[in-house]
Amino acid sequence: MDKDKDLHEALFFQTENNIYHARYEDEVNFYSAVKKGDMETVKKLMTPLDTKEGLGQLSNKPVNNLKYHFVVTVALVTRYCAEAGMPFETAYTLSDLYIRNVDKCSVEESITQLHKEMIFDFTNRMKNIRNAESSPQIKLAKKYIHENIYNQFYEDEIADFAGLTPSYLSTLFKKETGETIKNYILREKVEESKSLLRFSDKAYIDISISLNFSSHSHFIATFKKFVNMTPKEYRNKYYGKKWDEE
């Protein structure tokens, strides 16, 4: 493979056909808007895949070309959002889900729609994160909870990670978030279980065990408290559906 020859021919073809990539500064501004949760700016700067403007040619097959551009976009969005405060596992798992979904697409229109949905989803999540800005200590506490959501842990471990005494962490957490640490942990576990109920076939008992609920009945009662339906009812209603269909 003569890379220099191929590069020269590709550049000549793009010049002749007025095919240009998006400017670097425009891309940076776009991804920065996503991580800030700035939906208005994101809508202004976003380049829909169906416009074909600013997109390089990654494949001679139109559908594959859009899929490859989708993967590039979600990879960058994921890294920008993770660096800006979205929990690492949440960002990368969300990315995996979208990539699996785009892999199922067979027409350009569905890829374009999923591309827009993915960008707006990440932007809204970052907006919610920024709206819930907390002190450095509480951010650390939340980080510990998110990163250990599938592990058994205790409040004194969270306090130690945040550099506070358990009693002061409890007081500060309630002051800044309006809820106790225990309630926050349970709510986050329920949010995680909602993803598993929607996008996996894990059994209810296995979900409750993996998230370290004290018992299966405790899982059901806690889920119903926050969602107003049982895990079974939730799965029956939302299995396989996108988040904007809730």
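Calculation rules
Residue numbering note: each chain is counted from 1, following its sequence as written. Side-chain atom pairs in this predicted model are given and counted only at pLDDT of 80 or more, local residue features only at pLDDT of at least 70, and totals for whole chains, interfaces and linings cover all residues. The side-chain values count all of the structure's non-hydrogen atoms but skip hydrogen atoms and water molecules. Secondary structure elements follow DSSP: runs of H or I of four or more residues count as helices, runs of E of two or more count as strands, with numbering from the N terminus. The cut-offs for exposure are 20% and 50% of the maximum accessible area for each residue type, with area from a 1.4 Å probe on protein chains only; residues under the lower value are buried, those over the upper are exposed, and the others partly exposed. Whether two residues are in contact is decided by their heavy atoms: any pair within 4.5 Å suffices. Surface exposure here means Shrake-Rupley accessible area, sampled with a 1.4 Å probe, where a residue is shielded only by the protein chains that are shown. Take the buried residues of types Ala, Val, Leu, Ile, Met, Phe, Trp, Tyr and Cys, join any two whose side-chain atoms come within 4.5 Å, and each joined set is a nonpolar core. Every helix has an expected span of 1.5 Å times one less than the residues it contains. Directions drawn from the helix axis to the C-beta atoms are what define this arc. Two rings from Phe, Tyr or Trp (for Trp, the six-membered ring) form a pair when their centres sit within 6.5 Å of each other. Planes less than 30 degrees apart are called stacked, planes more than 60 degrees apart edge-to-face, and all others tilted. Charge-over-ring placement is defined geometrically: NZ (Lys) or CZ (Arg) within 6 Å of the ring centre, and within 35 degrees of the ring normal.

Caption draft 1: View of the overall build of the protein chain. Helix and strand counts for the protein chain stand at 13 helices and zero strands. Overall, the protein chain shows an N-to-C arrangement of helices and strands of α-α-α-α-α-α-α-α-α-α-α-α-α. When the 246 residues of the protein chain are sorted by exposure, 37% land in the buried category. Considering only residue pairs separated by 6 or more positions, the protein chain has 64% of its internal contacts joining residues 24 or more positions apart. Carbon together with sulfur atoms contributes 51% to the accessible area of the protein chain, which is approximately 14,700 Å² in total.

Caption draft 2: Examining the nonpolar core more closely. Ranked by size, the top nonpolar core spans 28 residues in total, and within it Ile-145, Ile-158, Leu-169, Ile-181, Phe-223 and Tyr-234 carry the most contacts. Elements represented by at least two residues in this core include exactly helix H7 (136-147), helix H8 (155-162), helix H9 (166-177), helix H10 (181-199), helix H12 (216-227) and helix H13 (231-238). If we skip the residues at most four places from it in the chain, Leu-169 touches Ile-138, Ala-141, Glu-155, Ile-158, Ala-159, Leu-164 and Ile-181. If you look at the next biggest cluster of nonpolar residues, it comprises 24 residues, including Leu-94, Val-102, Leu-114 and Met-118.

Caption draft 3: Structural context of H7. Between its first and last C-alpha atoms H7 spans 16 Å; for twelve residues at 1.5 Å apiece the expected length is 16 Å, and the two agree. Three or more residues of H7 are buried, namely Ile-138, Ala-141, Lys-142, Tyr-144 and Ile-145. Summarising the axial view, the buried residues of H7 lie within an arc of 155 degrees, below the 170-degree limit, and thus occupy one face.

Caption draft 4: Representation of the packing of aromatic side chains. Under the defined criterion, the tally for this structure stands at ten aromatic pairs. Between Phe-30 and Tyr-31 the ring centres are 5.0 Å apart and the planes differ by 65 degrees, which places this aromatic pair in the edge-to-face class. As far as the burial class goes, Phe-30 and Tyr-31 line up, both buried. Ring centres of Tyr-31 and Tyr-80 lie 5.3 Å apart, and the angle between their planes is 25 degrees; this geometry places the pair in the stacked category. Note that Tyr-31 is positioned in helix H2 (residues 24-36) and Tyr-80 in helix H4 (residues 62-83), a separation of 49 residues in sequence. Take Tyr-31: its relative accessible area is 7%, and that puts it in the buried class. An aromatic cluster is present here, built from Phe-213, Phe-219, Phe-223, Tyr-234 and Tyr-238 joined pairwise through their rings. Against the face of Phe-120 rests Lys-43, its NZ or CZ located 5.7 Å from the ring centre. Looking at Lys-189, its charged tip hangs above the ring of Phe-213, at a distance of 5.6 Å from the centre.

Caption draft 5: Main features of H13. Within H13, burial applies to Pro-231, Tyr-234, Arg-235 and Tyr-238. An end-on view of H13 places all buried positions within 95 degrees of arc, on one side of the element. Exposed positions of H13 whose direction lies more than 90 degrees from the buried face are Lys-232 and Asn-236. Taken together, the buried residues of H13 touch H10, helix H11 (204-210) and H12. Gly-240, located one to two residues past H13, shows a positive phi value of around 80 degrees.

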